[in-house]
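# Fold and contact review
Next come the chains, spelled out residue by residue.
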Amino acid sequence: GREAAEIAVTAFISSYSAASPQLSMAEAGQKAIREANAEIGHAAQEDPHLRGMGTTLSALILAAGDALTVHVGDSRIYRLHRGRLTRLTRDHNLADEGLPHLLTRSLGTRETVVADCERHEVSPGDRFLLCTDGVTTALPDPEISRILTHGNAPGDAARRIVAAALASGSTDNATALVLDATEPNEA
């Protein structure tokens, strides 16, 4: 999974950054997902040790007062807006059937994949959290919200979330990234 994740991030950023300005944010996000998926598939074909690799990808793109979430898998994106935590993504797994570790969508495991792309308004002061399921399976949303609302720096909040997930017994990759929306001229 680590190799797939590295390929996915590099390919996604490269594709999104090079996208035609005629494409909408969502169209550029879908194109970047398709290219990341293809890159993972190509790497798996080239190296037999990488066959069957796959990864999730959740991206947040901020531009001109808008946020675009681009999401495949069971990592999550949250927004804390005026003290209220909202999950912006939906898990692509079989949790409803009691199988939360079985993904219904991921990168690299099928020839084609479609991401959930959703636009959200952003206000100055909004705080975003991108995290893996190693965080969300160990920490309930109210605990995540409590940590995010303490007004600490984004890096400190991310470290505290990971530490809390590990202290709660997470046995999966626990990764978190926190960022705060600022006024456009402060960015």
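Before going into details, it helps to say that this report is about the structure given with it. In this numbering scheme, every chain counts its residues from 1 along its sequence in written order. Totals for whole chains, interfaces and linings use all residues, but because this is a predicted model, local features are given only for residues with pLDDT of at least 70 and pairs of side-chain atoms are given and counted only at 80 or more. Values shown for side chains rest on all heavy atoms present in the structure; no hydrogens or waters enter the calculation.

### Comments concerning the overall build of the protein chain
Tallying secondary structure elements over the protein chain gives five helices and nine strands in all. Reading the secondary structure of the protein chain in the N-to-C direction produces α-α-β-β-β-β-β-β-β-β-α-α-α-β. Viewed in the frame of its principal axes, the protein chain has a C-alpha envelope of about 45 × 45 × 25 Å. Exposure classes here rest on a 1.4 Å probe applied to the protein chains alone. A residue is buried below 20% of its type maximum, exposed above 50%, and partly exposed in between. Within the protein chain, the proportion of its 187 residues that are buried is 44%. Any two residues having at least one pair of non-hydrogen atoms within 4.5 Å are treated as being in contact. Contacts spanning at least 24 positions in sequence make up 63% of the contacts within the protein chain whose residues lie at least 6 apart. For this count, His and the chain ends are skipped, Lys and Arg are scored as positive, and Asp and Glu as negative. Just so you know, the charge point we use is NZ for Lys, CZ for Arg, CG for Asp and CD for Glu. Averaged over its 17 positive side-chain charges, the protein chain has a centre that lies 4 Å from the centre of its 25 negative ones. Under the scheme used here, helices are H or I runs from DSSP no shorter than 4 residues and strands are E runs no shorter than 2 residues, and both carry numbers assigned from the N terminus.

### A look at the pairing of strand 4 (residues 84-87)
DSSP-based pairing: two strands are paired if at least 2 bridges between them are found. Judged from the four bridges that link them, strand 3 (residues 76-81) and strand 4 form a sheet pairing that is antiparallel. Each bridged residue has a counterpart across the sheet, and for Tyr78 the counterpart in strand 4 is Arg87. The antiparallel hairpin formed by strand 3 and strand 4 contains two residues in its connecting segment, where Arg82 sits at a positive phi of about 50°.

### Brief notes about helix 4 (residues 141-148)
Among all positions of helix 4, only Ile144, Ser145, Ile147 and Leu148 are buried. Along the axis of helix 4, the buried positions cluster into a sector of 165°, meaning they face one direction only. On its buried side, helix 4 packs onto strand 3, strand 4, strand 8 (127-131), helix 3 (133-136), helix 5 (154-167) and strand 9 (176-180). In this description, one arc is meant: the one made by directions from the helix axis to the C-beta atoms.

### Considerations on the sheet that holds strand 1 (residues 57-63)
If you trace the three strands from one edge of the open sheet to the other, you get 1-2-7, paired in antiparallel fashion. Whereas interior strands pair on both sides, the edge strands pair on one side only; in this sheet they are strand 1 and strand 7 (116-121). Ignoring which end each strand starts from, the neighbouring axes of this sheet average 15° apart. In the sheet, strand 1 pairs with strand 2 (residues 66-72) via seven bridges, with the strands oriented antiparallel. Paired with Ala63 across the strands is Asp66, a residue of strand 2. Axis geometry follows a simple rule: fit a line to the C-alpha atoms, using only the stretch in contact for helices, then measure angles between N-to-C directions, giving values from 0 to 180 degrees.

### Some points on the pattern of salt bridges
Put simply, a salt bridge is a Lys or Arg side-chain nitrogen that is within 4 Å of an Asp or Glu carboxyl oxygen. Inspection of every chain in the model, using the stated rule, returns ten salt bridges. Close ionic contact of Lys31 with Glu35 constitutes a salt bridge, the shortest N to O distance being 2.6 Å. Placement of the pair is Lys31 and Glu35 together in helix 2 (residues 25-46), with a separation of four residues, close to one helical turn. By relative accessible area, which is 28% here, Lys31 ends up partly exposed. Since its relative accessible area comes to 32%, Glu35 is described here as partly exposed. One salt bridge in this structure joins Arg127 and Asp180, with 2.6 Å as the shortest N-O distance. With Arg127 in strand 8 and Asp180 in strand 9, this residue pair connects regions lying 53 residues apart in the sequence.

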